[in-house]
Amino acid sequence: MESLHVAFQGILDRHIFSGIALGSDSLITISHLFYVDDTVFMVEWNDSNICNIVRMLHCFHLASDLTINLHKSNLLGIFVPMDMVEEVAEQIGCSIMKTHFLTLAFLWVSVDGESKAVKWEGVLGLIHSISLFSVVDRWFWSLAVIGDYSVSSTHSYIDGIYQYVSSVPTTWVHIVLIKINVFAWRMSLDKLSTRVVLHGLDVSSFFCPLCENDLETCSHLFFCCDFVLDLCALISRWWDISISSLLSYTDWFVWFKVLRLSVDVKNFLEAIILCGLVAYLVLQECDIV
């Protein structure tokens, strides 16, 4: 269809046939429209335009080896005598289009009792009163204010739909591996693959396999399980600190924030606790704990 558009644009530029001018200043001219594999030609009714369209279609067929199905095409004349439309359709070898638009137009005229010419002049008056601007067509990206596509606007849109933002911030401990920091971040979002999260899979039991006292959630697995409480007790005796009862990552973050230690010491303590939780998780998965 693009090649056919280029071919017709060429004969338009050479004024071999003319389309329909719109607007009071006739800046916009419509001559043909494309939709999938269908084409609509809109030209002034005269022998020259009709003959040139048929000749151009024949030349396009010879150049591209694409078949132009004129016998499947339809000819429509707006306020053109039907005998003239039938004569031209027979010469081209196409059918005559029967539309509800013409039927309504004739009924409209018969009810109002006015001539078709007067009604058509009214339609032309409405068309010429329209002001159109000759601008180049362009795509408009609705996610950006200026209308241009950008990766950042797409990224922000996707994050706004799928990214879960936690109300509790997480810290980035530089003295541990990146995967441990990612583990802490996923733990704060409750996005670890615990048995409760994997409820759609074939899981034998949703309870914690270590204590079997509660469901295996992030809060239970890392803050309430008896084995984790024993681990925290060992760390508290080692560092001579008091670890209060913690039920979630939020409780742990608040407790750690008010802990009266220097920044460097806090970083080491947080690194030890995170590494201990990761080691505990690995041992638990290997059924060693």
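Structure: see above.
The present account deals with the structure reproduced in this document. Since we're looking at a predicted model, the values are computed, not measured.

## Let's talk about the overall build of the protein chain
- Regarding its fold elements, the protein chain presents 11 helices and 6 strands.
- For the protein chain, the proportion of its 289 residues judged to be buried stands at 27%.
- Element-wise, carbon and sulfur atoms account for 61% of the exposed surface of the protein chain, whose accessible area totals about 20100 Å².

## Quick look at the pairing of strand β3 (residues 32-35)
- Pairing of β3 with strand β4 (residues 38-41), which is carried by 4 bridges, proceeds in the antiparallel orientation. For Y35, the partnering residue across the bridge sits in β4 and is D38.
- The turn linking β3 back onto β4 is made up of 2 residues, and V36 within it adopts a positive phi angle of 55 degrees.

## Notes on the pattern of salt bridges
- What the rule picks out here adds up to 1 salt bridge.
- R195 serves as the salt-bridge partner of E216, at 3.9 Å between the closest nitrogen and oxygen. Of this pair, E216 sits in the loop between α7 (178-188) and α8 (218-224) while R195 sits in the loop between α7 and α8, placing them 21 residues apart in sequence.
- You can call E216 buried: its relative accessible area is 5%.

## Side note on helix α9 (residues 226-239)
- End to end, α9 covers 20 Å across 14 residues, agreeing with the expected 20 Å (1.5 Å per residue, within 8%).
- Every buried residue belonging to α9 is among V228, I235 and S236, and all of these are buried. Projected onto a plane normal to the axis of α9, the buried residues spread over an arc of 100 degrees and lie on a single side. Opposite its buried face, α9 presents the exposed residues L234, R237 and W238, each directed more than 90 degrees away.
- D240 sits one or two residues past α9 and shows a positive phi near 55 degrees.

## Things to note about the nonpolar core
- One finds M187, F222, W252 and W255 to be the most contacted residues of the largest nonpolar core, which totals 24 residues.
- For this core, the leading source of residues is helix α10 (residues 249-257), giving 5 residues.
- Those residues in contact with F222 that sit more than four places away from it in its chain are F183, M187, L192, V228, L277, Y280 and L281.
- Residues I11, L12, I53 and F60 belong to the second largest nonpolar core, which totals 9 residues.

## A word on the packing of aromatic side chains
- Counted under the stated rule, the structure contains 6 aromatic pairs.
- Residues F183 and F222 carry aromatic rings whose centres are separated by 5.4 Å and whose planes lie at 75 degrees to one another, so their mutual orientation is edge-to-face. Of this pair, F183 sits in helix α7 while F222 is found in helix α8, placing the two residues 39 residues apart along the sequence. For the pair shown, F183 and F222 are each scored as buried.
- For the pair W252 and F256, a centre-to-centre distance of 5.3 Å together with 20 degrees between the ring planes defines the contact as stacked. Residue W252 and its partner F256 are located together in helix α10, separated by 4 residues, close to a single helical turn. Residues W252 and F256 agree in their burial class; the two are buried.
- Connected via pairs of aromatic rings, a cluster forms that spans Y249, W252, W255 and F256.
- Here K266 stacks its cationic end above the ring of F256, 5.8 Å away from the centre of that ring.

## Considerations on the side chain of T154
- Relative to the helices and strands, T154 is located in helix α6 (residues 151-162).
- Engagement of the side chain of T154 in a polar contact is seen with the backbone oxygen of S150, the distance being 3.2 Å.
- Ignoring any residue separated from it by four or fewer positions in sequence, one finds T154 in contact with W141 and Y149.

## Focus on a nonpolar patch on the surface
- Together, L76, I78, F79 and M97 make up a nonpolar patch on the protein surface, roughly 290 Å² of accessible area in all.
- By the element assignment, I78 lies in the loop between β5 (74-75) and α3 (82-92).

## Things to note about a negative patch on the surface
- Negative charge collects at one region of the surface, where D47, D83, E86, E87 and E90 lie side by side.
- For the negative patch, the element with the most residues is α3, which contributes 4 residues.
- In this structure, E86 sits in helix α3.
- You can call E86 partly exposed: its relative accessible area is 42%.

Conventions used here
Residues numbered from 1 in each chain as written. Predicted model: local features only at pLDDT ≥ 70, side-chain atom pairs only at ≥ 80, totals over all residues. Heavy atoms only, no water. Helix = DSSP H or I, 4+ residues; strand = E, 2+ residues; numbered from the N terminus. Buried < 20%, exposed > 50% of the residue type's maximum accessible area, 1.4 Å probe, protein only. Areas by Shrake-Rupley, 256 points an atom, 1.4 Å probe, with all protein chains shown as cover. Pairing = 2+ DSSP bridges. Salt bridge = Lys/Arg side-chain N within 4 Å of Asp/Glu carboxyl O. Expected span 1.5 Å × (residues − 1). Arc of directions from axis to C-beta. Core = buried A, V, L, I, M, F, W, Y, C linked by side-chain atoms within 4.5 Å. Contact = heavy atoms within 4.5 Å. Phe/Tyr/Trp six-rings, centres within 6.5 Å; stacked < 30°, edge-to-face > 60°. Lys NZ or Arg CZ within 6 Å of the ring centre and 35° of its normal. Polar contact = N/O pair within 3.5 Å; in protein donor to acceptor, adjacent residues only side chain to side chain. Patch = residues over 30% accessible without salt bridge, like charges linked within 9 Å, V, L, I, M, F, W, Y side chains within 5 Å. Lys, Arg positive; Asp, Glu negative; His and termini not counted. Charge placed at Lys NZ, Arg CZ, Asp CG, Glu CD.

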